[in-house]
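# Chain and residue survey
Listed below, chain by chain, are the residues.
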Amino acid sequence: MSMPRLGQGTWNMGDSAARRKQELAALRAGIDLGMTLIDTAEMYGDGRSESLVAQAIAGMRDKVFLVTKVLPSNASRKGVVRSCEASLKRLQTDNLDLYLLHWSGSYALEETVRGFEDLLAAGKIRAWGVSNLDLREMRRLGAVPGGKACATNQVLYNLSRRGIEFDLLPWCQARKMPVMAYSPVEQGRILGHRTLKEVAPRLGATPAQVALAWVLRQDGVVAIPKAGTVAHVRANHKALALKLDAEALGALDAAFPPPRKARPLEML
Ligand SMILES: NC(=O)c1ccc[n+]([C@@H]2O[C@H](COP(=O)([O-])OP(=O)(O)OC[C@H]3O[C@@H](n4cnc5c(N)ncnc54)[C@H](OP(=O)(O)O)[C@@H]3O)[C@@H](O)[C@H]2O)c1
């Protein structure tokens, strides 16, 4: 089983009737370009993001690598199954490619994993994973029965959030577990940074493309930018072909230094 390296996020999509047409067009343009991994969650707009995704992928479910997430407050063994069934209904499909625990909460990981296993056995999901788990929690997960089947950890990773490079990322890479980088352009906040604005034109690119190419520069990292317009989706797709040279990487390291010691995992 493999995942596309560049997908599409959908947080804050599906909430506005005025933006709906544009958002549907953006998601469909991304699928046409091969950005077929679509990431959503039961939490996003209380299911409205999943409903938008259902409309966007209607008639092409088999082209899409569909990912959604269960809230920690629903992550008991039975709750995971109930939430998944509700997500499947909103997504108008009968299975997910990947189902994630959104972050760890009060239910024991053992319980949640049992729920995921029930869903696998019923053919409702093809794989499961987690999100926002730090290294200590990943080690704990690895030790629970069935926990080693975790397919990914989706975490905050971008130029301004490099903490995972110190420990979590190498740990996942050593296990060939892909990391899904969320908020890869820091929700737009880094795009006005002076260094990005200096590096981008020299490479014939935009700051967003440089920021995405930087996230995608290493093996085992998948990026899921959210773009609400076709123009942004097309621009993001070009990041796949953008190579950052040593000069660009050096300038970016100087402006956004890598971690020198372990840091608590950041979340948005
Ligand atoms: N697991 C978790 O806890 C978690 C947390 C956060 C996010 N996520 C997932 O990760 C996805 C991405 O993260 P995010 O939505 O937080 O932030 P993001 O992808 O870093 O940034 C989205 C923002 O960047 C803008 N943008 C996108 N492409 C652009 C481009 N080419 N040029 C200029 N601006 C551009 C978008 O504007 P437009 O909308 O106008 O295009 C939007 O305002 C989410 O949608 C969600 O699926 C998961």
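The paragraphs below set out a description of the structure included in this document. As the structure is a computational prediction, the values presented were derived from the model and not from experiment. (Residues numbered from 1 in each chain as written. Predicted model: local features only at pLDDT ≥ 70, side-chain atom pairs only at ≥ 80, totals over all residues. Heavy atoms only, no water.)

### Considerations on the site of the ligand
Just so we agree on the cut-off: When at least one non-hydrogen atom of a residue lies within 4 Å of a molecule or strand, that residue is treated as near it. Pairs of N or O atoms are called polar contacts if they sit within 3.5 Å, as long as, within protein, a hydrogen donor faces a hydrogen acceptor (for residues adjacent in sequence, only side-chain-to-side-chain pairs). Per-residue accessibility takes into account occlusion by the displayed protein chains alone, with areas from the Shrake-Rupley method and a 1.4 Å probe. Under the scheme used here, helices are H or I runs from DSSP no shorter than 4 residues and strands are E runs no shorter than 2 residues, and both carry numbers assigned from the N terminus. Ten residue types, Ala, Val, Leu, Ile, Met, Phe, Trp, Tyr, Cys and Pro, are classed as nonpolar, four, Asp, Glu, Lys and Arg, as charged, and the remainder, Gly among them, as polar.
Contacts to the ligand come from 28 residues, most closely from Asp39, Lys226, Gly228, His232 and Asn236. In the environment of the ligand, an oxygen atom lies 2.8 Å from a nitrogen or oxygen atom belonging to the side chain of Gln187. Asn236 has a polar side-chain atom sitting 2.7 Å from a nitrogen atom of the ligand. Expressed as a share of its isolated accessible area of 890 Å², the protein-covered part of the ligand is 86%. The element best represented in the shell around the ligand is helix H9 (residues 230-238), accounting for three residues. Its residues placed into classes, the shell around the ligand shows 11 nonpolar, 13 polar and four charged.

### Overview of the packing of helix H1 (residues 20-32) against helix H2 (residues 48-57)
How we decide: For helices, the fitted line uses only the C-alpha atoms of the stretch in contact; every axis is such a line through C-alpha atoms, and the angle between N-to-C directions lies from 0 to 180 degrees. Any angle that is under 35 degrees is reported as roughly parallel, and any over 145 degrees as roughly antiparallel; angles of 65 to 115 degrees are reported as roughly perpendicular and all others as oblique. Should the near helix be turned counterclockwise from the far one by less than a right angle, the crossing is left-handed, whereas a clockwise turn marks it as right-handed. Throughout, a residue-residue contact means that at least one pair of heavy atoms, one from each residue, lies within 4.5 Å.
Between H1 and H2, the least distance of the axes is 9 Å, while the angle of their chain directions is 55 degrees. Classified by the interaxial angle, the pair formed by H1 and H2 is oblique. The crossing of H1 and H2 is right-handed. Taking contact as the criterion, the partners of Arg20, Glu23, Leu24, Leu27, Arg28 and Ile31 in H1 are, on H2, Ser51, Leu52, Gln55, Ala56 and Ile57. Among the residues forming the contact of H1 with H2, the class breakdown is six nonpolar, two polar and three charged.

### Thoughts on the nonpolar core
Note the threshold: What is meant by a nonpolar core is a set of buried Ala, Val, Leu, Ile, Met, Phe, Trp, Tyr and Cys residues, joined one to another through side-chain atoms within 4.5 Å. Each residue is placed in one exposure class: buried if its accessible area under a 1.4 Å probe, protein chains only, is under 20% of its type's maximum, exposed if it is over 50%, and partly exposed if it falls in between.
Formed by 71 residues in total, the largest nonpolar core has its most connected members in Tyr99, Met138, Leu141 and Val210. No other element matches the six residues that helix H8 (residues 207-215) contributes to this core. Leaving out residues up to four positions away in the same chain, Met138 has contacts with Val130, Leu133, Cys150, Asn153, Leu168, Trp171 and Met177. In terms of nonpolar packing, the next biggest core, distinct from the first, is built from 12 residues, Met3, Leu37, Tyr182 and Val222 among them.

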